[in-house]
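Listed below are the residues making up each chain.
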Amino acid sequence: MTGPPLSVAARTALCLVACLVLALAPHGSAAAEPRAESLCVIDDERLHSVSGLAADGRHWYAVNDGGTRLEIYVLGRDCRVRDVITAGTDPFDVEDLARAPDGTLWLSDTGDNRRQRDTVALHELTPDGDATLYRLTYPDGPHDAEALVLDHEGVPHIVTKAVTGTAGIYRPGDELSSPGPTPLDKVATVAIGSTDTQGGPVGTLGTLTVTGGATSADGTVVVLRTYTDAYLYAAPDRDVVAALQREPVRIPLPGEPQGEAVAVEPDGTMLSTSEGVGQPVRAVEGAAALARQHRASERPGTPPSGREDPAEPGSGSDTPVDGESENRDWGTAVPAVSATAAAVVLAVVLAWARRRHRSTRS
C-alpha cells in the first residue's frame, strides 16, 4: 500500500541518506588482482563441511565444522585423504584449524551462533593423536568466532565473527592451563569493509564477516578471510595485533558458496576452500609476497623483518583496541563502513518521516 506523500524535509533527509548509501557502496576491484587457480576437488563424503585448513608444504590438513570428536583429515595435494588424526574429545563447535611451527595442530572450538557459551575452547592435537583441552573465557560476554591465528611463538589469537564489519581480537591473558578456563584479553579490533565480490550464503553481510584465519610459516603475513575475500596483512615484526591494524591486500575469492577455510603454504601460496562435498581447493601463488611488497611500497626503506619504528601499533599500550583500520584492496579503497549499515539508516529515516507526516495530519 502506498503511504502519504513525504514532506520537503523528509525528502531532503532521504536524499542525504541515499547519497550516503551510494558513497559507501563497495568499489570495483582493481584490474591487477591475482586470481585463484583450482588445484583439485575434495569429493570425499567425510569432508562435507570444511571450515579449517592448514598446510606444511607436503600435506594439507582439514577439519569439518562441528563434529562429535576431534578429527583432522590429512590430504595429499590431489585432495585425496591420506590419513585421519583423531582423539576421543567431544568438541562443541570446531570452526578453524591452525598449525604451529613445531607441527602441533590447534582446533578452534569457538563457534557460538546463539552466543550462549560460558566458555569456548582450543584443542591442541599432536600428529600422533594426543589431545589437550584449554577452556577460555571472554572478558565481555559470549562471541561467535570462526578464525584462529597463531603468531610465530604459537600464541593463539581468536577473531570474532561480526556482521558489523568490526571484529574483536582476543588472546589469552595468562599462560594456557588445562582444562582451565584461562581468561582472554581483548587486544584490538579489525575493520572489514563491504565488497562487491559474489558468493557466500548471506550476500553483502558475508563480505563483512570473518570466517577463517591463517599465518605464513615465517610469521610475517597474517590472513583473514570472509565468505568472499581474503585480506593479507604484512607482519614484518611477527606481531599479529600490529599487523591487523595495517592496510591489507585484498584478494577476491568469488563463487565460494560458504568459504570458511584458508591456509598459507610455506612458499607463500594462499589456499582456500568452501564447505560442501565437491568443492575445489584453490591457490593464489605469491599471495604472501604481495602483502610484503605492499607494506614495503607504503614505507620505502623499511626492512623486510625486525621491529618497526616505535610509533607502529603493537602489543603494547599504543595498540588501538576500539579503533578501526582502513582496509584497501589491491590498489582500490574499501569503505570501512558498509553500505548495509547505511541502508539500515535509510530505513529508519523513512519510517520516522512517515510517522512524523502522519502525526502532523492527525
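Residues numbered from 1 in each chain as written. Predicted model: local features only at pLDDT ≥ 70, side-chain atom pairs only at ≥ 80, totals over all residues. Heavy atoms only, no water.

Enquirer: I keep staring at the sheet that holds strand 15 (residues 221-225) and nothing clicks. Help me out?
Expert: One key point about sheets: their strands pair by backbone hydrogen bonds, in either a parallel or an antiparallel sense. One open sheet holds the four strands; their spatial order is 14-15-16-17, and the pairing between them is antiparallel. What marks the edges here is a single partner per strand, and that holds for strand 14 (212-215) and strand 17 (249-252). Shown here is a sheet whose adjacent strand axes are inclined to one another by a mean of 20 degrees, direction ignored. When strand 15 meets strand 16 (residues 229-234), the two strands line up antiparallel, connected through five bridges. Bridging from a neighbouring strand, Val223 pairs with Leu232 of strand 16. On the sheet, helix 3 (residues 287-298) packs against strand 15, strand 16 and strand 17 and is oriented at approximately 50 degrees with respect to strand 16. (Pairing = 2+ DSSP bridges. Helix = DSSP H or I, 4+ residues; strand = E, 2+ residues; numbered from the N terminus. Axes fitted to C-alpha atoms, helices over the stretch in contact; angles between N-to-C directions. Contact = heavy atoms within 4.5 Å.)

Enquirer: Got a minute to help me understand unusual backbone geometry in this structure?
Expert: Of all residues except glycine, most have a negative phi; of all peptide bonds, most are trans. Ser178 connects to Pro179 through a cis peptide bond whose omega is 0 degrees. Here the amide bond leading from Gly180 into Pro181 is cis, since omega sits at 15 degrees, within 30 degrees of zero. Following the sequence through the fold, Pro181 ends up in the loop between strand 12 (166-172) and strand 13 (182-191). The phi dihedral of Cys79 is positive, around 75 degrees, even though this residue is not glycine. Checked against the element boundaries, Cys79 lands in the loop between strand 4 (70-75) and strand 5 (81-87). For Arg115, which is not a glycine, the phi torsion comes out positive at approximately 50 degrees. Tracing the sequence through the fold places Arg115 in the loop between strand 7 (105-109) and strand 8 (120-125).

Enquirer: Would you mind going over helix 3 with me for this structure?
Expert: Helical periodicity: at 3.6 residues per turn, an α-helix aligns residues three or four positions apart in one direction. The first and last C-alpha atoms of helix 3 sit 17 Å apart over 12 residues, in line with the 16 Å expected at 1.5 Å per residue. Within helix 3 the residues assigned to the buried category are Ala287, Ala288, Leu290, Ala291, His294 and Arg295. Along the long axis of helix 3, the arc covered by the buried residues comes to 160 degrees, so they all point the same way. Along its buried surface, helix 3 packs onto strand 15, strand 16, strand 17, strand 19 (270-274) and strand 20 (279-284). (Expected span 1.5 Å × (residues − 1). Buried < 20%, exposed > 50% of the residue type's maximum accessible area, 1.4 Å probe, protein only. Arc of directions from axis to C-beta.)

Enquirer: Looking at this structure, how should I read the sheet that holds strand 13?
Expert: The strand order across the open sheet formed by eight strands is 6-7-8-9-13-12-11-10, and the pairing between neighbours is mixed. Since the sheet does not close on itself, it has two edges, and those belong to strand 6 (96-99) and strand 10 (145-150), each with one partner. Adjacent strand axes in the sheet meet at a mean angle of 30 degrees when their direction is disregarded. With four bridges joining them, strand 6 and strand 7 adopt antiparallel strand pairing. In the strand pairing of strand 7, Ala98 is matched with Trp106.

Enquirer: Explain the environment of Ser274 to me, please; I cannot follow it from the model alone.
Expert: The topology assignment puts Ser274 in strand 19. Given the relative accessible area of 3%, Ser274 is considered buried. Placed 13 residues apart in sequence, Ser274 and Ala261 show a C-alpha to C-alpha distance of 6.4 Å. Engagement of the side chain of Ser274 in a polar contact is seen with the backbone nitrogen of Gln258, the distance being 2.9 Å. (Polar contact = N/O pair within 3.5 Å; in protein donor to acceptor, adjacent residues only side chain to side chain.)

Enquirer: What exactly am I supposed to notice about the environment of Tyr233 here?
Expert: Along the chain, the position of Tyr233 falls in strand 16. Among the residues examined, Tyr233 registers a relative accessible area of 0% and is labelled buried.

Enquirer: How should I be thinking about the pairing of strand 11 (residues 156-160) in this particular structure?
Expert: Regular strands place side chains that alternate from one sheet face to the opposite one. With five of five residues buried, strand 11 lies mostly within the body of the structure. Across the two faces of strand 11 the burial is the same, with Pro156, Ile158 and Thr160 and His157 and Val159 all buried. Note: strand 10 against strand 11, five bridges, orientation antiparallel. Following the sheet pairing, Leu148 is matched in strand 11 by Ile158. Bridging between strand 11 and strand 12 involves two bridges; their strand directions are antiparallel. If you follow Ile158 over to strand 12, its bridge partner there is Tyr170. Two successive antiparallel strands, strand 11 and strand 12, enclose a turn made up of five residues, where Gly165 displays a positive phi of approximately 90 degrees.

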